[in-house]
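Survey of secondary and tertiary structure
Here are the chains, one letter per residue:
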Amino acid sequence: MKNSNETASTEELKSKLQKIRTIQVTILIIFAFIILVWLILGYWRNNIAIFIVTVSSGITTTAALIASTSGITAEIKKRESTEQKTESQTPG
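This text gives an overview of the structure that appears in the document.

Quick notes on the rules
- Residues numbered from 1 in each chain as written.
- Predicted model: local features only at pLDDT ≥ 70, side-chain atom pairs only at ≥ 80, totals over all residues.
- Heavy atoms only, no water.
- Core = buried A, V, L, I, M, F, W, Y, C linked by side-chain atoms within 4.5 Å.
- Buried < 20%, exposed > 50% of the residue type's maximum accessible area, 1.4 Å probe, protein only.
- Contact = heavy atoms within 4.5 Å.
- Phe/Tyr/Trp six-rings, centres within 6.5 Å; stacked < 30°, edge-to-face > 60°.
- Helix = DSSP H or I, 4+ residues; strand = E, 2+ residues; numbered from the N terminus.
- Salt bridge = Lys/Arg side-chain N within 4 Å of Asp/Glu carboxyl O.

**Re the nonpolar core**
By size, the foremost hydrophobic cluster in this structure holds 5 residues: A8, L13, L17, I72 and I76. If sequence neighbours within four positions are ignored, L17 has contacts with T69, I72, T73 and I76.

Structure below.
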(Lines give C-alpha, C1' and ligand atoms only; values in the text may rest on other atoms or scores of the structure.)
Protein backbone atom coordinates (compact mmCIF):
# COMPACT_ATOMS: atom_id res chain seq x y z
CA MET A 1 0.00 0.00 0.00
CA LYS A 2 1.41 3.39 -0.99
CA ASN A 3 1.80 6.28 1.36
CA SER A 4 -0.54 9.21 0.58
CA ASN A 5 2.54 11.46 0.35
CA GLU A 6 3.85 9.34 -2.51
CA THR A 7 0.63 9.62 -4.53
CA ALA A 8 0.05 13.35 -3.99
CA SER A 9 1.53 15.94 -6.31
CA THR A 10 4.37 18.17 -5.15
CA GLU A 11 2.03 21.17 -5.04
CA GLU A 12 -0.45 19.22 -2.90
CA LEU A 13 2.37 18.29 -0.52
CA LYS A 14 3.50 21.92 -0.30
CA SER A 15 -0.07 22.99 0.42
CA LYS A 16 -0.43 20.29 3.09
CA LEU A 17 2.88 21.33 4.66
CA GLN A 18 1.79 24.97 4.72
CA LYS A 19 -1.47 24.05 6.48
CA ILE A 20 0.41 21.96 9.04
CA ARG A 21 2.85 24.81 9.68
CA THR A 22 -0.05 27.20 10.20
CA ILE A 23 -1.42 24.85 12.85
CA GLN A 24 2.06 24.57 14.42
CA VAL A 25 2.43 28.33 14.68
CA THR A 26 -1.06 28.66 16.15
CA ILE A 27 -0.29 26.07 18.84
CA LEU A 28 3.04 27.76 19.59
CA ILE A 29 1.31 31.12 19.98
CA ILE A 30 -1.25 29.59 22.37
CA PHE A 31 1.44 28.04 24.56
CA ALA A 32 3.52 31.24 24.47
CA PHE A 33 0.47 33.28 25.49
CA ILE A 34 -0.36 30.93 28.37
CA ILE A 35 3.22 30.97 29.64
CA LEU A 36 3.47 34.74 29.26
CA VAL A 37 0.24 35.25 31.24
CA TRP A 38 1.55 32.94 33.97
CA LEU A 39 4.77 34.96 34.14
CA ILE A 40 3.22 38.43 34.01
CA LEU A 41 0.47 37.72 36.53
CA GLY A 42 2.77 35.76 38.83
CA TYR A 43 0.66 32.59 38.84
CA TRP A 44 3.80 30.50 38.43
CA ARG A 45 4.80 31.34 42.02
CA ASN A 46 1.60 29.81 43.37
CA ASN A 47 1.92 26.52 41.54
CA ILE A 48 5.41 25.95 40.17
CA ALA A 49 4.72 22.29 39.32
CA ILE A 50 1.86 23.15 36.95
CA PHE A 51 3.95 25.92 35.41
CA ILE A 52 6.81 23.48 34.73
CA VAL A 53 4.37 20.96 33.22
CA THR A 54 2.90 23.68 30.99
CA VAL A 55 6.33 24.76 29.75
CA SER A 56 7.46 21.17 29.16
CA SER A 57 4.19 20.39 27.36
CA GLY A 58 4.76 23.36 25.09
CA ILE A 59 8.29 22.24 24.29
CA THR A 60 7.28 18.60 23.76
CA THR A 61 4.34 19.54 21.55
CA THR A 62 6.54 21.81 19.47
CA ALA A 63 9.15 19.08 18.99
CA ALA A 64 6.50 16.53 18.05
CA LEU A 65 4.89 18.85 15.52
CA ILE A 66 8.24 19.64 13.91
CA ALA A 67 9.09 15.93 13.74
CA SER A 68 5.71 15.12 12.22
CA THR A 69 6.44 17.25 9.15
CA SER A 70 9.84 15.70 8.45
CA GLY A 71 8.37 13.03 6.14
CA ILE A 72 6.55 15.56 3.98
CA THR A 73 9.57 17.86 3.90
CA ALA A 74 11.85 15.00 2.87
CA GLU A 75 9.46 13.93 0.11
CA ILE A 76 9.26 17.48 -1.27
CA LYS A 77 13.07 17.84 -1.24
CA LYS A 78 13.45 14.46 -2.92
CA ARG A 79 11.04 15.42 -5.67
CA GLU A 80 12.60 18.84 -6.19
CA SER A 81 16.09 17.37 -6.45
CA THR A 82 14.82 14.76 -8.93
CA GLU A 83 13.16 17.50 -10.99
CA GLN A 84 16.38 19.56 -11.00
CA LYS A 85 18.43 16.55 -12.11
CA THR A 86 15.95 15.83 -14.89
CA GLU A 87 16.01 19.46 -16.05
CA SER A 88 19.81 19.62 -16.03
CA GLN A 89 20.10 16.38 -18.03
CA THR A 90 17.56 17.46 -20.64
CA PRO A 91 19.33 19.02 -23.64
CA GLY A 92 18.07 22.50 -24.18
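That shown, we press on.
**Structural notes on the packing of aromatic side chains**
Within a pair of aromatic rings, the relevant descriptors are the distance that separates the centres and the angle that separates the planes. Across all of its chains, the model carries 2 aromatic pairs by this definition. By the ring-pair criterion, three or more aromatic residues cluster together here, those being W38, W44 and F51.

**Points about the environment of S56**
Counting through the fold element by element, S56 comes out in helix α4 (residues 48-68). Assessed through its relative accessible area of 35%, S56 is described here as partly exposed.

**Describing the pattern of salt bridges**
Tallied over the entire structure, the rule returns 3 salt bridges. Ionic pairing is found between E80 and K14, a salt bridge with its closest N-O pair at 2.8 Å. Of this pair, E80 sits in helix α5 (residues 70-89) while K14 sits in helix α2 (residues 10-41), and the two are 66 residues apart along the sequence. For E80, a relative accessible area of 28% gives the class partly exposed. The exposure class of K14 is partly exposed, given its relative accessible area of 34%. Note that K78 and E75 form a salt bridge whose closest N and O atoms lie 3.6 Å from each other. Taken together, the residues span about one helical turn, with K78 and E75 both in helix α5 at a distance of 3 residues. For E75, a relative accessible area of 12% translates into the label buried. Each of the salt bridges in this network shares a partner with another, and the network as a whole consists of E75, K78 and R79.

In short, geometric facts, not functional conclusions.
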